[in-house]
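Listed below are the residues making up each chain.
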Amino acid sequence: MSNLTSDIAEMHWQHDLLGSIEVGLAVLDRDYNVLVWNQFMENHSGILPNTIRDKCLFSYFPEIDRDWFKQKSDPVFDLQSPAFIIWEQRPFLFKFESSRPITSASDFMYQNITLFPLASLSENVEQICIVVYDVTDEALNKRGMQALNKQLQQMSRVDGLTGLFNRRYWEERFSEEHKRIIRSNTPASAIMLDIDHFKAVNDNYGHPAGDHVIKMLAKIIKKSVRETDVCGRYGGEEFAILLPETDAKNARLVAERIRGVTEKYTCIHEGIEIKFTVSLGIAQFHSTYTTHMMWLEQADQALYMSKEGGRNMVSVK
């Protein structure tokens, strides 16, 4: 076999190899000109090898930050050390469409990237190879699991009826805040409240109506507090609110706002108008409250004072 025939045969199997592998291959010189552009890269970019060969990569992919890419590739050239870019750090290097645009949940291809040196006969590295792995399915599966875990975590923290924190999680937050306040010596207040004569609501209108009243009160509470305040459904028709950076005087303003809005509000359930009121108790943190439950018990006692005082009122302990 002649040398020419041998060279042609070698070029043929090399072309077949580059075209058949399911990863992207691009070889760059030190000026970032493209020397090799395989079938994968052609299929996903729409750029023919003959078009991009000997052209600067950044002129075809301006979305690639040149300074950032240089920081990644310089050690590959100079230290002959491979570099890796995973999709969690950067979703993609080349903005290719998803390989399955109709069925995929992503409109782009998530990529893992490897940069490795190509040594010459002199052992100097004058070219590097970029290997592009399509990891869209893996990335979407992982993100789906993360989203599911986040949803499950949220469900474990939130009361299903009101959308406020449930008792267990609210108490966790309350305990953490109690420890923080001991360290920082800043004011904070706790409010306990519940619906007056709630049993009568259930007895007269039914439990679905009672649930509707609870949901409406939760909405009133949400609108009456700050984003930094921590609201929870403590149980049944009882609610708890933690007000960081708030003394008893300002906590009373919040409590009176909730009480006043509730008193004027008319809950309508299946065409029936239901009026209801709430009683509230406030306790500002004091250094003698060595546990968070001691603090909460003071707020609960203040609530009891409001109940004993005639209901539809605010008491401070």
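Okay, so let's go over this structure. (Residues numbered from 1 in each chain as written. Predicted model: local features only at pLDDT ≥ 70, side-chain atom pairs only at ≥ 80, totals over all residues. Heavy atoms only, no water.)

### Focus on the packing of aromatic side chains
- A full pass over the atoms with the stated rule returns 18 aromatic pairs.
- With a centroid separation of 6.4 Å and 50° between ring planes, the pair formed by W68 and F69 is classed as tilted.
- Each member of the aromatic cluster is reached from another via a ring pair, and the members are W170, F174, Y234, F285, Y289 and W295.
- Sitting over the face of the ring of W68, R90 holds its NZ or CZ atom 3.8 Å from the ring centroid. (Phe/Tyr/Trp six-rings, centres within 6.5 Å; stacked < 30°, edge-to-face > 60°. Lys NZ or Arg CZ within 6 Å of the ring centre and 35° of its normal.)

### Overview of the packing of helix 8 (residues 198-205) against helix 9 (residues 207-224)
- Two elements in contact, helix 8 and helix 9, have axes separated by 7 Å at closest approach and are oriented at 135°. Considering their axes alone, helix 8 and helix 9 lie oblique with respect to each other. Between helix 8 and helix 9, the contacting residues are F198, V201, N202 and Y205 on the first element and H207, A209, G210, V213 and I214 on the second.
- A class-by-class count of the residues in the contact of helix 8 with helix 9 yields six nonpolar, three polar and no charged. (Axes fitted to C-alpha atoms, helices over the stretch in contact; angles between N-to-C directions. Helix = DSSP H or I, 4+ residues; strand = E, 2+ residues; numbered from the N terminus. Parallel < 35°, antiparallel > 145°, perpendicular 65-115°, else oblique. Contact = heavy atoms within 4.5 Å. Nonpolar A, V, L, I, M, F, W, Y, C, P; charged D, E, K, R; others polar.)

### Section: helix 5 (residues 66-78)
- Compared with the 18 Å implied by 1.5 Å per residue over 13 residues, the 17 Å span of helix 5 between its first and last C-alpha is a close match.
- Of all the bends in helix 5, the largest measures some 30° and sits at K72, one to four residues before the proline P75.
- By the burial criterion, the buried members of helix 5 are W68, F69, S73, V76 and F77.
- The inward-facing, buried residues of helix 5 abut strand 1 (24-29), helix 4 (57-60), strand 3 (83-85), strand 4 (111-119) and strand 5 (125-134).
- Immediately downstream of helix 5, the backbone of Q80 shows phi near 55°, a positive value. (Expected span 1.5 Å × (residues − 1). Bend = angle between axes of the 7 residues up to and from the residue. Buried < 20%, exposed > 50% of the residue type's maximum accessible area, 1.4 Å probe, protein only.)

### Observations concerning the environment of A248
- In this structure, A248 sits in helix 10 (residues 248-264).
- As for A248 and P187, which are separated by 61 residues in sequence, their C-alpha atoms are 8.6 Å apart.
- Contacts of A248, omitting those with residues within four sequence positions, involve S189, Q284 and V316.

### Structural notes on the sheet that holds strand 6 (residues 188-195)
- Sheet architecture is open: five strands sit in the order 7-8-6-11-12, paired in mixed fashion. Every other strand in the sheet has two partners, leaving strand 7 (230-235) and strand 12 (314-316) as the edge strands with one partner each. Pairs of neighbouring strands in the sheet enclose a mean axial angle of 20°, with direction left out of account.
- Across three bridges, the pairing between strand 11 (residues 278-284) and strand 12 is parallel. When the bridges of strand 12 are listed, G281 appears paired with S315. (Pairing = 2+ DSSP bridges.)

### Things to note about the sheet that holds strand 5
- Spatially, 2-1-5-4-3 is the arrangement adopted by the five strands of the open sheet, whose pairing is antiparallel. Among the strands making up the open sheet, the edge pair consists of strand 2 (34-37) and strand 3. Strand-to-strand twist across the sheet, computed as the mean angle between neighbouring axes with direction ignored, equals 20°.
- Bridge analysis of strand 1 against strand 5 gives six bridges, and the strand direction is antiparallel. Bridging across to strand 5, L28 finds its partner in I128.
- The strands touched by helix 5 within the sheet are strand 1, strand 3, strand 4 and strand 5, with strand 5 carrying the most contacts at an inclination of about 120°.

### Quick word on the pattern of salt bridges
- Evaluated as defined, the whole model comprises 16 salt bridges.
- Residue R30 pairs with D78 through a salt bridge whose shortest N-O separation is 3.5 Å. Of this pair, R30 sits in the loop between strand 1 and strand 2 while D78 sits in helix 5, placing them 48 residues apart in sequence.
- Looking at R30, the relative accessible area reads 36%, which means it is partly exposed.
- Salt-bridge contacts for R259 lead to E263; the nearest nitrogen and oxygen are separated by 3.3 Å. Separated by four residues within a single helix, R259 and E263 lie in helix 10, roughly one turn from each other.
- By relative accessible area, R259 is classed as buried at 17%.
- Residues participating in the shared-partner salt-bridge network are R252, E256, R259 and E263. (Salt bridge = Lys/Arg side-chain N within 4 Å of Asp/Glu carboxyl O.)

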